[in-house]
Amino acid sequence: MLGALTELRGISGYEHEVRTFITEQIEPHCDTLTTDSLGNLYAHQEGDGSHVCLLAHMDEVGLMVTGSDEKNGWLTFDTVGGIRDSLLPGTTVRVGPHGHAGVIGLPAVHLQSSTDMKKPLPKEKLRIDVGEAHPSIEIGDMATFDTPFLRRDDTIYGKAFDDRIGCYCLIELLQERLGVPLTCAFTVQEEVGLRGASVVRSRIECDYAIACEGTFALDHPSLSEEERMPRMGHGPAVTIADRTLIAHATVLDAIGRAADENDIPYQYKRPLAGGTDAGAFHIGGRGTPSGVIAAPCRYIHSPCAMAKWNDVIHMKELIGATARYLAEGV
């Protein structure tokens, strides 16, 4: 199911494929299932105790067509979400509603001077080449990385791990049914400013919230030993503070208790880096004690990310156990 989720196409504002798939997986397991006008999906289950909201965003980073050469099939584009321009040359993509194949190409290396080869081209100088003009491709269409999902032993590869991993965990937990008052909010437009979560907060009154994410892993040889946190294969990463949230002490205590009492490995994410839907959610209304649990992934916001399957499984287990403890009034 995670593989199917990652291969779906859904940049910010175009999450309908992902929302339809999730709805099919969870509808039989929900007491109520609704959407709002922005496209957020709300799955609710009844239960006893405090009301817990789990958040996972459906959108992925990608590209949007901004213009075209109608004769040759070259498309200008802009990025949607945070993508480094240097990652784009040579990338294969799927463009438009029918997923036409394209490649972000450069002139042959044989024709470039040594000076040109040292200069990374900005995206304004790049084009998506679809080979020939396609009348069905229009300005505003999305282009997504063309990356198949792959699992090799405990390592998984694919696009959109941020945040289809979170979506996967919430689907699994809804299918298991935790027995607590639970709302799982599958949000839109997180990658462009936590926009969906702002709407969700205005519609949900809950006691606690947890954003469930795919986050960066920093275990890379270019970094010093002390900088390499979190690491793949060392369990889900727990946020103490990021640019949008200082995690609430009650939620952190519940996460720690859930991990210790259920023998679930976990680690901390580097403080004050990144941001999640919890950042927009926790300050709405009367305020909501919130936290973040995430799977460490190398190379997020790129054509292909990497993660450990056991981290995903432990992330799901930790989210479920924490939600139960919060509902019980830890």
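Keep in mind it's a predicted model, so treat the numbers as computed, not measured.

A word on the sheet that holds strand β4 (residues 62-69). Pairing is antiparallel around the closed barrel formed by six strands, whose spatial order is β4-β5-β8-β7-β6-β9. Here two bridges tie strand β7 (residues 100-104) to strand β8 (residues 128-129), and the two strands are oriented antiparallel to one another. Among the inter-strand pairings, V103 is bridged to a residue of β8, identified as D129.

Here the focus is the sheet that holds strand β12 (residues 182-187). Strands pair in a sheet through their backbones, by hydrogen bonds, and they do so in one of two ways: parallel or antiparallel. Read from one edge to the other, the open sheet built from eight strands follows the order β1-β2-β12-β3-β13-β16-β14-β15, with strand pairing classed as mixed. Because the sheet does not close on itself, it has two edges, and the strands there are β1 (32-35) and β15 (267-268). By the bridge criterion, four bridges tie strand β3 (residues 52-57) to strand β13 (residues 208-216) in an arrangement that is parallel. Note on β13: the bridge partner recorded for V52 is Y208. Across the face of the sheet, helix α5 (residues 195-203) comes into contact with β1, β2 (41-45), β3 and β12 while running at roughly 150° to β12.

Moving on, we come to the packing of aromatic side chains. Overall, the coordinates contain three aromatic pairs when judged by the stated rule. Look at Y266 and Y268: their rings are 5.8 Å apart centre to centre, the planes differ by 85°, and that puts the pair in the edge-to-face class. A residue is classified by how much of its surface remains accessible, and Y266, at 27% relative accessible area, is partly exposed. Over the ring of F281 we find R201, and its NZ or CZ is 5.2 Å from the ring centre.

What counts, and where the lines are drawn
- Residues numbered from 1 in each chain as written.
- Predicted model: local features only at pLDDT ≥ 70, side-chain atom pairs only at ≥ 80, totals over all residues.
- Heavy atoms only, no water.
- Pairing = 2+ DSSP bridges.
- Helix = DSSP H or I, 4+ residues; strand = E, 2+ residues; numbered from the N terminus.
- Contact = heavy atoms within 4.5 Å.
- Axes fitted to C-alpha atoms, helices over the stretch in contact; angles between N-to-C directions.
- Phe/Tyr/Trp six-rings, centres within 6.5 Å; stacked < 30°, edge-to-face > 60°.
- Buried < 20%, exposed > 50% of the residue type's maximum accessible area, 1.4 Å probe, protein only.
- Lys NZ or Arg CZ within 6 Å of the ring centre and 35° of its normal.

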